[in-house]
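Survey of secondary and tertiary structure
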Amino acid sequence: METKMTNGAVSVPSHHNQPSVDQSDRLVPINLRQTGPTPVEMLISTRIRKSPYWHLSMGAGCWRAEVYNRVYHPRGYVRPEDGGAMAEYESLVNDVTLWNVAVERQIRVKGPDAEAFVNFVITRDAAKIPVMRARYVILCNENGGILNDPVLLRIAEDEFWFSISDSDLMLWLQGVKVGQPFDVQITEIDVAPVQIQGPRSVDLMVDLVGPELADLPSYGLMEATVAGLPVIISQTGFTGEKGYEIYLRDATLHAEEMWNAVLEAGRPHNLQVIAPAHHRRVAAGILSWGQDMDAETLPFQVNLGYQVPRAKEADYIGKAALERARAQIEAGSPPFRKVLVGLRIGGRPIDDYAPDFWLVRPGDGGDPVGYLTSPWWSPELGTNIALGYVPVELSAVGTPLAVDLPVQYAHVPGSPVDAEVVEVPFRPSVNPNTRERLKERGLDSAV
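Residues numbered from 1 in each chain as written. Predicted model: local features only at pLDDT ≥ 70, side-chain atom pairs only at ≥ 80, totals over all residues. Heavy atoms only, no water.

For the structure shown, the criterion picks out one cavity of 30 Å³ or more. As a volume, the largest cavity reaches approximately 60 Å³. At three residues, the largest contribution of residues to the lining of the largest cavity is made by helix α2 (residues 84-94). When its residues are assigned to classes, the lining of the largest cavity shows eight nonpolar, three polar and three charged. (1 Å grid on protein atoms, 1.4 Å probe; cavity = no way out; pocket = protein on both sides within 12 Å on 5 of 7 lines; lining within 4 Å. Points joined across faces, edges and corners; volume = space filled by probe spheres on them. Helix = DSSP H or I, 4+ residues; strand = E, 2+ residues; numbered from the N terminus. Nonpolar A, V, L, I, M, F, W, Y, C, P; charged D, E, K, R; others polar.)

The next thing to look at is the UniProt feature "domain: Aminomethyltransferase C-terminal" (unreviewed entry) in the protein chain. Mapped onto the present numbering, the UniProt feature "domain: Aminomethyltransferase C-terminal" (unreviewed entry) falls at residues 339-426. For residues 339-426, the end-to-end C-alpha separation is 17 Å, with 0% helix and 44% strand making up the annotated structure. (UniProt positions renumbered as here; feature names shortened; annotations may be inferred.)

Residues L153, M293, L304, I345 and L405 are the most contacted members of the largest nonpolar core, which totals 76 residues. For L304, the contacting residues outside a window of four places in its chain are Y136, I138, I146, L287, M293 and P299. Residues V202, L204, A251 and A265 belong to the second largest nonpolar core, which totals 36 residues. (Core = buried A, V, L, I, M, F, W, Y, C linked by side-chain atoms within 4.5 Å. Buried < 20%, exposed > 50% of the residue type's maximum accessible area, 1.4 Å probe, protein only. Contact = heavy atoms within 4.5 Å.)

A separate point is the side chain of R326. When you line up the elements, R326 lands in helix α8 (residues 319-330). One buried charged residue, R326, remains without a salt bridge, the closest side chain of opposite sign being E323 at 4.7 Å. Of note is the side chain of R326, whose polar atom sits 2.6 Å from the backbone oxygen of V308. (Lys, Arg positive; Asp, Glu negative; His and termini not counted. Salt bridge = Lys/Arg side-chain N within 4 Å of Asp/Glu carboxyl O. Polar contact = N/O pair within 3.5 Å; in protein donor to acceptor, adjacent residues only side chain to side chain.)

Our focus in this paragraph is helix α5 (residues 201-209). Turning to α5, its buried residues number three or more, namely S201, V202, L204, M205, L208 and V209. Along α5, the residues classed as buried sweep out an arc of 160 degrees about the axis, all on the same side. Remark: G210 follows α5 within two positions and exhibits a positive phi of approximately 120 degrees. (Arc of directions from axis to C-beta.)

A few words on the UniProt feature "domain: GCVT N-terminal" (unreviewed entry) in the protein chain. The positions that UniProt labels "domain: GCVT N-terminal" (unreviewed entry) are, in the present scheme, residues 70-309. Secondary structure across residues 70-309 divides into 25% helix and 29% strand, with the first and last C-alpha atoms of the span separated by 32 Å.

The next subject is the packing of helix α3 (residues 114-121) against helix α4 (residues 169-177). Contact pair α3 / α4: the axes reach a minimum separation of 11 Å and the direction vectors enclose 110 degrees. In terms of axis orientation, α3 runs roughly perpendicular to α4. Between α3 and α4 lies a crossing whose hand is right-handed. On α4, the residues touching F117, F120 and V121 of α3 are L173, V176 and K177. The residue inventory of the contact of α3 with α4, partitioned by class, reads five nonpolar, no polar and one charged. (Axes fitted to C-alpha atoms, helices over the stretch in contact; angles between N-to-C directions. Parallel < 35°, antiparallel > 145°, perpendicular 65-115°, else oblique. Left-handed = near helix turned anticlockwise from the far one by under 90°.)

A sheet is described by the order of its strands in space; here six strands give the open sequence β14-β15-β16-β13-β5-β17, paired in mixed fashion. Of all the strands in the sheet, the pair left with one neighbour each is β14 (221-226) and β17 (271-273). Recorded for the sheet is a direction-independent mean angle of 30 degrees between the axes of neighbouring strands. One ladder, built from seven bridges, connects strand β13 (residues 191-197) with strand β16 (residues 243-249); its direction is antiparallel. The residue bridging Q195 from the neighbouring strand is E245, located in β16. Seen against the sheet, α5 touches β5 (96-100), β13, β14, β15 (229-234), β16 and β17 and runs at an angle of roughly 35 degrees to β16. Its contacts with the sheet put helix α6 (residues 251-266) on β5, β13, β14, β15, β16 and β17, and the angle it makes with β16 is roughly 145 degrees. (Pairing = 2+ DSSP bridges.)

Structure (structure tokens):
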């Protein structure tokens, strides 16, 4: 097919089943059909796992869910007629919230060669992670594609937990070990986390486990008890707010005791049970695997270049491909067509999850050239914001674009709204993530 140029961006003719967005650098294109909401009833069966907290989420008012890591995942508590996801957002940014995130399945790597094995599968240097500290990490395939972006907890010299995002990492790790001389055991363990997020989270947690909690640093770990039950606590979370995660051991046996203890400790702090706050993580520039990136995405496309250190001497899966990609980028010929950027977007407030990857066009019109992955309304900024993919040549901050929004969000139905590429994060975080901290030092690119 013949291609044409629009504002410097490559445009391709529309296929009758797909928009004209160039995805020639992907083996499996993103499905960009605009099908809109498709209401269906979720079938609850034994093929998908119920987490230890599933019934407790139902008791807290959960009315919708999806599947994440082959586990049913609560995704809404406040009904739309009562404010929906934006009402949950208010609790997060003003008080404190409890999230059921047991879908973050815990994959343990344990044994004499645990550090060496972990160092072989992550891009960062596992030897630099102290005991009882955590790190945000990525694992890549041989082509450099991102397979998972877990929080990695180092529980002991010979024990690591991968708190995984939405891909079946245990099977990958077990497959990597086959035929390799690593003396480790790789298993899923009966540990299920909850998140405590919001400005009053430290007060709740001090009441729950004691004053020493207040000294826990970002990505620090501590052992504690909740309702007499052993837990690991980390200062981590899926927001830019202050927050913690509680990893309950033997969770299948003790979920009720811990959950109810958190509820009781949270009463004086106006604790609310809510779904994971994707609207807040978008503002912080935190990525969601499967939504903002996948196994065909290179770290350099999504502001994760800092996860590919130049100084790591040890070999790891994907190292050769990533170093080759970085050299191509520095030579001005990146091995990809699109990069993830932040966008400020017009239109009416986007107050719920997008059912499609909404299309992005050049600012002066023309065929679609990209798509949004994570759009939401920002009350603090008074505008819609989003993460989305655009051609490299249209990715500079300040570049004008346009976005096709559904009827309920567009100013004029059928007409694109104005958009502009902006810096990420969209607003300062109370609890900055690693990339934000490195960005302040100018180290968030392909370091």
